[in-house]
Amino acid sequence: MNHSKYSSAQIALHWLSAFIILWSLIAGSCVALFNVSEGARLTFTALNISLTTLFIPFFVVRVCLRVNHLCKYKFGAGEWLPTFVHNLIYLVTAIVLVTGVLMMNRPIVVFGWSATHQLITNPHLLRGFHAAHQQSTAMLGFLVVLHVLAVVKHEMGGNRILKRMSF
Ligand code: HEM
Ligand code: HEM
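Residues numbered from 1 in each chain as written. Chains lettered and ligands numbered in written order. Predicted model: local features only at pLDDT ≥ 70, side-chain atom pairs only at ≥ 80, totals over all residues. Heavy atoms only, no water.

Looking at the overall build of the chain
The helix and strand inventory of the chain stands at 4 helices and 2 strands. Along the chain, helices and strands appear, N-terminal first, in the series α-α-α-β-β-α. Considered along the principal axes of its C-alpha atoms, the chain spans approximately 50 × 30 × 30 Å. When each of the 167 residues of the chain is scored for burial, the buried share is 28%. Counting contacts in the chain only where the partners sit at least 6 residues apart, residues at least 24 apart contribute 72% of the total. Put simply, the chain shows about 10,900 Å² of open surface, and 72% of that area lies on carbon and sulfur atoms. (Helix = DSSP H or I, 4+ residues; strand = E, 2+ residues; numbered from the N terminus. Buried < 20%, exposed > 50% of the residue type's maximum accessible area, 1.4 Å probe, protein only. Contact = heavy atoms within 4.5 Å. Areas by Shrake-Rupley, 256 points an atom, 1.4 Å probe, with all protein chains shown as cover.)

What follows is the structure, given as structure tokens:
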């Protein structure tokens, strides 16, 4: 089996993650950058917190499948760069999720259900994790743009890379 052959579980989790990450990046940035009403800000923030918290266990499964994939297949000479960038996407996504949870200055509420108590109360630490969340989401946004542009470039060059991520 070729390294680029992904399992059905990896493909399903890729598209689920892509949807949740793209949505949270776009909605989170719009709320942060534009002058939206207080009601819209609260609604979008609560929705994003719920979606991304529910996403955490799926992300953990995806990391396990990725590690298994990397252990199983031998990589060709030209594959180190995409492999490195994909691993970097995993690492930065993990940082975004951890800093998101740790920066919370109130309990995490998932669609009306209280999921955890506030984990950190020290205001200095909370500010630090907030800044780290902003910086890591900016870095993730950059990597996602790079990733999508790379896919478009390959597809336009006749390399049907999207087939690898299709069932
Ligand atoms: C419209 C958006 C997207 C398209 C068209 C797309 C397409 C693809 C394709 C074709 C591959 C296979 C590349 C290869 O085997 O060399 C891939 C892999 C990958 N993509 Fe995306 N992608 C999108 C969004 C995202 C997003 C938002 C993320 C997460 C931030 C992401 C993370 C990854 C990762 C980590 C891999 C490596 C394979 C894996 O472990 O699942 N992608 N993507
Ligand atoms: C893939 C996961 C995530 C993505 C892509 C994401 C994305 C973002 C973005 C783009 C912002 C705006 C940043 C800015 O002010 O410049 C933001 C803010 C925020 N995020 Fe996340 N986030 C994720 C996970 C989480 C998690 C797991 C939590 C908590 C459980 C969380 C809680 C928050 C909160 C409360 C804000 C608003 C901060 C404020 O009011 O300034 N995020 N997120």
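Section: the coordination of the iron atom of ligand 2
The protein supplies the iron atom of ligand 2 with one donor atom, His133 (NE2), which lies at 2.2 Å. Mapped onto the elements, His133 comes out in helix H4 (residues 123-156). (Donors = N, O, S within 2.8 Å, 3.2 Å for Na, K, Ca; no water.)

A few points about the coordination of the iron atom of ligand 1
Ideal geometry at a metal centre: 109.5 degrees between donors when four sit tetrahedrally, and 90 or 180 degrees when six sit octahedrally. Coordination of the iron atom of ligand 1 by the protein is provided by His14 (NE2) and His147 (NE2), with metal-donor distances spanning 2.0 Å. Relative to the metal, the 6 donor atoms surrounding the iron atom of ligand 1 lie at angles of 88 to 179°, and the coordination shape comes out octahedral. Of this pair, His14 sits in helix H1 (residues 8-33) while His147 sits in helix H4; the two residues are 133 residues apart in sequence, bridging distant segments of the chain. Classification of His14 as buried rests on a relative accessible area of 14%. (Tetrahedral: all angles 85-135°; square planar, octahedral: opposite > 155°, others 65-115°.)

Some details on the environment of Asn48
Assignment of secondary structure puts Asn48 in helix H2 (residues 38-72). The spatial distance from the C-alpha of Asn48 to the C-alpha of Met165 is 26 Å, given a sequence separation of 117 residues. When near neighbours in sequence (up to four residues on either side) are disregarded, Asn48 contacts Trp23, Ser24, Ala27 and Gly28.

With respect to the pairing of strand E2 (residues 113-116)
Here strand E1 (residues 108-110) runs beside E2; their pairing, made up of 3 bridges, is antiparallel. Residue pairing across strands places Val109 opposite Ser114, the latter belonging to E2. The antiparallel hairpin formed by E1 and E2 contains 2 residues in its connecting segment, where Phe111 sits at a positive phi of about 45°. (Pairing = 2+ DSSP bridges.)

Some thoughts on helix H3 (residues 80-102)
The end-to-end C-alpha distance of H3, which contains 23 residues, comes to 33 Å, matching closely the 33 Å that a straight helix rising 1.5 Å per residue would cover. For H3, the full list of buried residues reads Thr83, Ile89, Tyr90, Val92, Thr93, Val96, Leu97, Thr99 and Gly100. (Expected span 1.5 Å × (residues − 1).)

Focus on H1
Taking 1.5 Å of rise per residue, the 26 residues of H1 would be expected to cover 38 Å, and the 37 Å separating its terminal C-alpha atoms lies within 8% of that figure. On its buried face, H1 is in contact with H2, H3 and H4.

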